[in-house]
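A look at the structure
In case you want the letters, here they are:
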Amino acid sequence: MVKNIAVIRGDGIGPEIVEQALRVLDRVAELYGHTFNYTDVDMGGCAIDKYGDPLPEHELQKCVNSDSVLLGAVGGNKWNDVPGHMRPEKGLLRLRAGMGVYSNNRPAKIWKQLSSASPLKKEIVDKGIDFIIVRELIGGIYFGEHKTEGDVATDVLTYSESEIERIGRIGFETAQKRNKKLCSVEKSNVLDSSRLWKKVMHRLAEEYPDVELSDMLVDNCAMQIVKNPAQFDVIVTENMFGDILSDEASMITGSIGMIPSSSLGSTTCGLYEPIHGSAPDIAGKDVANPIGTILSAAMMLRFSFDMSKEAETIENAVSAYLDAGYRTADIMSEGGKLVGCKRCGELIIEKLRKG
Ligand code: NAD
């Protein structure tokens, strides 16, 4: 198969981690007889420097016209003082909206080899951590009106029934493929948008009788994720709550550097990225963990290209790498063999075996 992939290296550690994922994809292509063509796309701070715009229309079009997009991360201190509409993260929001990817899927799963890297107590970790957060991605407060007038700042949070319904369906369908438990997270004791959210979820539940739906307030959910993460199978929630909860969920699995994500809309052209940011504190030092990006590439193979075997080949190689005791600094523990970003990529490539 021939697939055209738009590649956004971005800022900070972005170029380093994306490079490793591309090397892994190249080896998988060799093993299975595929061709992956890459088109570089400038987005984020590097695009501001080059074009004065975090995502010019011509760069967005390269993504829209690709079979899928692989992204590292964008942003950094250098662009902290640029006006709001010009910030690197604006490029990311424009990309998600331009691609129409409304559903973000973030797994929170602990690798057995890394159970000691979790900050949670052993007895909690031993009960298992394996759930998915389905986050609405192109609505809510991030996409509402933002304004500052004098000493008053306003951000508008809006959701329509149809926006809630389409992400709700993804939540139910994801639960159907897993343990059939869906937890809808909102703040219906305070927000109108959340009361609408809850109403739509309960209406949809009638169409998915095999899925057990529960409701949880977001503040309680933040607590439950650290108290008893084993209770969750699939969480479905709105944009900002999902952003915050998924970072919390990633930390209990050991490191933010390990977690991939996929974002999809109504076509197979998806956006795949690790959940962390550009980590300016470690950029250019060859210490970043590229596994979140490598696993994002695996998700791309599975969800956009229907290449499950190839995706499994990557996931098995990551597991074999961890079994062998190799660790980047973020997940280093006693007895581990410390490696840098590039070496991590090389070792995972050495472990790739055709399934
Ligand atoms: P961050 O995720 O970049 O970093 C948080 C901490 O995690 C840092 O200590 C960092 O060193 C560490 N870390 C992150 N990824 C790692 C990896 N792969 N390996 C090892 N350690 C890793 O979050 P931040 O510091 O709040 O944000 C930095 C910049 O990234 C900001 O400009 C922010 O706006 C941007 N950001 C971008 C995205 C994105 O591109 N999707 C997401 C979040 C933040």
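Computed from a prediction, not measured in an experiment: that's the story for all the values here. (Residues numbered from 1 in each chain as written. Predicted model: local features only at pLDDT ≥ 70, side-chain atom pairs only at ≥ 80, totals over all residues. Heavy atoms only, no water.)

Let us look at helix α8 (residues 218–227). In an α-helix there are 3.6 residues to a turn, and that puts residues three or four apart on one side. Of all the positions in α8, only V218, C221, Q224 and I225 are classed as buried. The arc that holds every buried residue of α8, seen down its axis, measures 105 degrees, which confines them to one face. Considering only its buried residues, α8 is in contact with β5 (130–136), β8 (181–186), β9 (212–217), β10 (234–237) and α9 (239–252). (Buried < 20%, exposed > 50% of the residue type's maximum accessible area, 1.4 Å probe, protein only. Helix = DSSP H or I, 4+ residues; strand = E, 2+ residues; numbered from the N terminus. Arc of directions from axis to C-beta. Contact = heavy atoms within 4.5 Å.)

On to the site of the ligand, then. Around the ligand there are 20 residues in total, and V74, E89, G277, A279 and D281 lie nearest to it. With respect to the ligand, the side chain of D281 contributes an N or O atom lying 2.9 Å from an oxygen atom. Protein chains shield 68% of the accessible area of the ligand, which is 810 Å² for the free molecule. (Near = heavy atom within 4 Å. Polar contact = N/O pair within 3.5 Å; in protein donor to acceptor, adjacent residues only side chain to side chain. Areas by Shrake-Rupley, 256 points an atom, 1.4 Å probe, with all protein chains shown as cover.)

Let us now look at the pairing of strand β4 (residues 103–109). Burial of β4 is extensive: 6 of the 7 residues sit out of reach of the surface. Relative to β5, β4 runs antiparallel, the two being bridged by 7 bridges. Within the sheet, the bridge partner assigned to K109 lies in β5 and is D130. Pairing of β4 with strand β11 (residues 260–264), which is carried by 3 bridges, proceeds in the antiparallel orientation. Across the sheet, residue S103 finds its bridge partner in β11, namely L264. (Pairing = 2+ DSSP bridges.)

This part takes up empty space enclosed by the protein. A complete count under the given rule lists 1 cavity of 30 Å³ or more for this structure. Taken as a whole, the largest cavity holds about 50 Å³ of empty space. Looking at the largest cavity, the residues that line it are L157, Y159, V185, E186, L191, S193, S194, W197, E238 and F241. The set of elements that each furnish at least two residues to the lining of the largest cavity consists of β8 and α7 (192–205). No other element matches α7, which puts 3 residues into the lining of the largest cavity. Among the residues forming the lining of the largest cavity, the class breakdown is 6 nonpolar, 2 polar and 2 charged. (1 Å grid on protein atoms, 1.4 Å probe; cavity = no way out; pocket = protein on both sides within 12 Å on 5 of 7 lines; lining within 4 Å. Points joined across faces, edges and corners; volume = space filled by probe spheres on them. Nonpolar A, V, L, I, M, F, W, Y, C, P; charged D, E, K, R; others polar.)

Sheet architecture is open: 10 strands sit in the order β2-β1-β3-β12-β11-β4-β5-β10-β8-β9, paired in mixed fashion. Edge positions in the sheet fall to β2 (35–40) and β9, since each of these pairs with one other strand and no more. Within this sheet the neighbouring strands show an average axis-to-axis angle of 25 degrees, counted without direction. With 4 bridges joining them, β5 and β10 adopt parallel strand pairing. Paired with R135 across the strands is T237, a residue of β10. Packed on one face of the sheet, helix α1 (residues 14–32) meets β1 (2–10), β2, β3 (68–73) and β12 (271–274) and runs near 165 degrees to β1. (Axes fitted to C-alpha atoms, helices over the stretch in contact; angles between N-to-C directions.)

This brings us to the pattern of salt bridges. If the charged atoms of two oppositely charged side chains come close together, the side chains can form a pair. Under the criterion given, the structure shown has 26 salt bridges. For E89, the salt bridge identified is with R87, shortest N-O distance 3.4 Å. Residue R87 is classed as partly exposed on the basis of its relative accessible area of 26%. When the shortest N-O distance is used, the salt bridge between K122 and D126 registers 2.6 Å. (Salt bridge = Lys/Arg side-chain N within 4 Å of Asp/Glu carboxyl O.)

By volume, the largest pocket amounts to about 960 Å³. Lining the largest pocket we find 28 residues, and of these N105, P107, I132, M299 and F303 sit closest to its centre. Those elements that provide at least two residues to the lining of the largest pocket are β4, β5, α6 (161–176), β11, α10 (291–303) and α11 (308–323). When the residues that make up the lining of the largest pocket are grouped by side-chain class, the tally is 14 nonpolar, 6 polar and 8 charged. When residues of the lining of the largest pocket are sorted by domain, at least three fall in each of domain 1 (1–106 + 255–355) and domain 2 (119–252). (Domains from an automatic or database assignment.)

Quick look at the packing of aromatic side chains now. Across all of its chains, the model carries 5 aromatic pairs by this definition. Ring centres of Y159 and W197 lie 5.9 Å apart, and the angle between their planes is 70 degrees; on these two criteria the pair is classed as edge-to-face. Within this pair, whereas Y159 is found in the loop between β7 (152–155) and α6, its partner W197 is found in helix α7, the two being separated by 38 residues in sequence. Of the two residues, Y159 and W197, neither departs from the other in class, the shared state being buried. For the cation-ring pair, K337 lies above Y326, with the distance from its terminal atom to the ring centre recorded as 4.6 Å. Of note, K354 hangs over the ring of Y32, and the distance from its end group to the ring centre comes to 5.5 Å. (Phe/Tyr/Trp six-rings, centres within 6.5 Å; stacked < 30°, edge-to-face > 60°. Lys NZ or Arg CZ within 6 Å of the ring centre and 35° of its normal.)

Moving on, we come to the domain arrangement of the protein. For the protein, the domain assignment lists domain 1 (1–106 + 255–355) and domain 2 (119–252). Between domain 1 and domain 2, the C-alpha centre-to-centre distance is 24 Å. Between domain 1 and domain 2, the residue contacts involve 16 residues of the former and 18 residues of the latter. Buried surface at the junction of domain 1 and domain 2, summed over both partners, amounts to about 1,500 Å²; 60% is from carbon and sulfur atoms. Looking only at domain 1, the three residues that lose the most surface to domain 2 are Y102, N104 and R106, adding up to 45% of its buried area. Counting across the interface, domain 1 meets domain 2 through 1 salt bridge. Linking domain 1 to domain 2 there are 4 residue pairs in polar contact (both at pLDDT 80 or more). Mapped by element, the contributors of at least two residues to the side of domain 1 that touches domain 2 are α4 (88–99) and β4. Of the residues in the side of domain 1 that touches domain 2, the class split is 7 nonpolar, 6 polar and 3 charged. (Buried area = accessible area lost by both parts, 1.4 Å probe.)

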